[in-house]
Amino acid sequence: MESVNKLIRQLKCRGENFVTGHEKLTLNTEILHIIITRVLSSLHNDHILNHHYLSEILKKVAKLKLLKSSNFDLNQSIELSPFHNLVYLELYDIDIEWLIGLNYEKIEVLIIYGPLKSLAVLLNKKWTNLKYLALRGTHLGELDRSILLAPYLTYLEAPRNLLTEVKNIEKLEYLDILNLSINRLTQVPILTDYGAINLTVLILSYNCINNLTGLYKLTNLKVLDLSNNMIVHHELISAVGDMAILKYLNLSHNPISYIKNHREITCGYLHENAAVELFELDNQLLSKSEKQFVGQSSRSLDLSFLHYQQPPASVKAKKIRSPVIEDHKWEKCCVIQTPVLPTTSKKEILKSEHLTTKKKIENVREMFGEDNWLHSNAGSYVQDILGIKQQSENGSFSEEVPVEQIIEDSNSKSNDFTDNEECIILNNESHLEMDVEPEIVQTLIVNSNPEYYMLNKNEETLRLSENYWRVQNIDVITNEYSNILLLKPH
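Residues numbered from 1 in each chain as written. Predicted model: local features only at pLDDT ≥ 70, side-chain atom pairs only at ≥ 80, totals over all residues. Heavy atoms only, no water.

K.L.:
Which residues make up the pattern of salt bridges, and what values go with them?
P.N.:
When the charged atoms of two side chains with opposite charge come close together, those side chains can pair. One pass over the full model with this rule turns up ten salt bridges. Taking the shortest distance from any N to any O, the salt bridge between Arg14 and Glu23 comes out at 2.5 Å. Here Arg14 falls in the partly exposed class, since its relative accessible area comes to 35%. For Glu23, a relative accessible area of 24% translates into the label partly exposed. Notably, a salt bridge pairs Glu157 with Arg136, separated by 2.7 Å at the nearest N-O pair. One end of the pair, Glu157, is in strand S8 (residues 155-157); the other, Arg136, is in strand S7 (residues 132-136), and 21 residues separate them in sequence. Ionic contacts of the salt-bridge type, sharing partners, join the residues Asp95, Glu97 and Lys117 into one network. (Salt bridge = Lys/Arg side-chain N within 4 Å of Asp/Glu carboxyl O. Buried < 20%, exposed > 50% of the residue type's maximum accessible area, 1.4 Å probe, protein only. Helix = DSSP H or I, 4+ residues; strand = E, 2+ residues; numbered from the N terminus.)

Written out as structure tokens, the structure reads:
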């Protein structure tokens, strides 16, 4: 009776937790037998308040864990009639056939540890509200059709058994969690479409699974444990790419887990949501670098033979214009080329021309003297040499006066050049701004610091002044002329 009194003291301290279901009451078969035979049987004649209190508490207990004592007689039955409100029953090494007085219809959670003769013996009762069934280490070789006697199961756990295949659970359409770890399975169980939609947790660790075909229907899984199996290729797990809400995947201790870059390769088969949410792979959260590989591998169809990737049907395809870049024509035209004579270079021709003109002018200066060679008749000779027409009284130029004979007569005189005389070839460098063709102008300079003005073909005629002489130069080769002004010496 000492054990009973100890139980009563425990119930007085924590009785409320046992009634509300926050804690489960643990009894062994020996104490339960004493309570039934010595306390509850004599309540009508016993006025001990503690015994009545014990009776009332047992009626309201919601959860019971019953252990088999070492001196339990297998020929005795286990009376559970004092428990009126049991919804949770946990049995350790106790055969369900030993129980009497149990209200099966109220039981929602049934957990059995130890050998079980058959599933039919267990479920051949009225388990109308049974939702949670755990058969742990019961040595079952199969889940026969008697499992359908509990059609509203949401949690089925059968670890540490001898299961090689699972045939009858496909019709359990309310299954939310399925744990078949530590068995002898070779493939993932195949559920009906309706049952597969409701399943969110699948634990198949410590089996011999190498066929994952059954995963393709399980698109709503949140937890998938396939550790310690025989998965040899990462392509076999391609079905996880359709599991948008998957948060936990365990592939540790499979052959693929020893492949180099196993985590990165596995990330390639995951759904894109794994890159933006917390995801645990092989009991370790994905790092930022690993999340970059998420969704990169092909999942269900090899489209490598295509030359492009088709956009999703729900997204309107955008028109992409390919720019055509051509060379600008103006860049080619902006380069001005100087015409080149076919036989003689331009530089050589200009050099010979201005030397000839200079020689003729030197002969005229020696003929008329240094003081008068630019005045009176001598000035007209210079104009003829330079190709400038003489002006009449009305301001217009007169016709050209041939001076070839005079020049030839004077060629025999001095051919020396003075140090103050230069001959410079000016090129029009402002043609890009003035929109005129470049023109070569020969200018005779009689001073070391000359001032000169250039005339173009499109330019108006400049008026003569007392400080300048107008000179015209004729090209003997091209018969073209150019106009220049000479600064009178002071």
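Right, picking up where we left off after that structure.
K.L.:
Give a description of the sheet that holds strand S12 (residues 248-250) that names residues and reports values.
P.N.:
Across the sheet, which stays open at both edges, the twelve strands sit in the order S1-S2-S4-S6-S7-S8-S9-S10-S11-S12-S13-S14 with mixed pairing between neighbours. Two strands in the sheet have a free side with no partner beyond their single neighbour: strand S1 (25-28) and strand S14 (284-285). Here three bridges tie S7 to S8, and the two strands are oriented parallel to one another. Following the sheet pairing, Leu133 is matched in S8 by Leu156. Against the sheet, helix H2 (residues 29-39) contacts S1 and strand S2 (63-67), and its axis sits at roughly 90 degrees relative to S1. (Pairing = 2+ DSSP bridges. Contact = heavy atoms within 4.5 Å. Axes fitted to C-alpha atoms, helices over the stretch in contact; angles between N-to-C directions.)

K.L.:
Quick one: what's the story with unusual backbone geometry, residue by residue and with numbers?
P.N.:
A positive phi is found at Asn228, a non-glycine position, where the angle reads about 55 degrees. Tracing the chain through its elements places Asn228 in the loop between strand S11 (223-225) and S12. At Asn283, a position not held by glycine, the phi torsion is positive, near 65 degrees. Tracing the chain through its elements places Asn283 in the loop between strand S13 (280-281) and S14.

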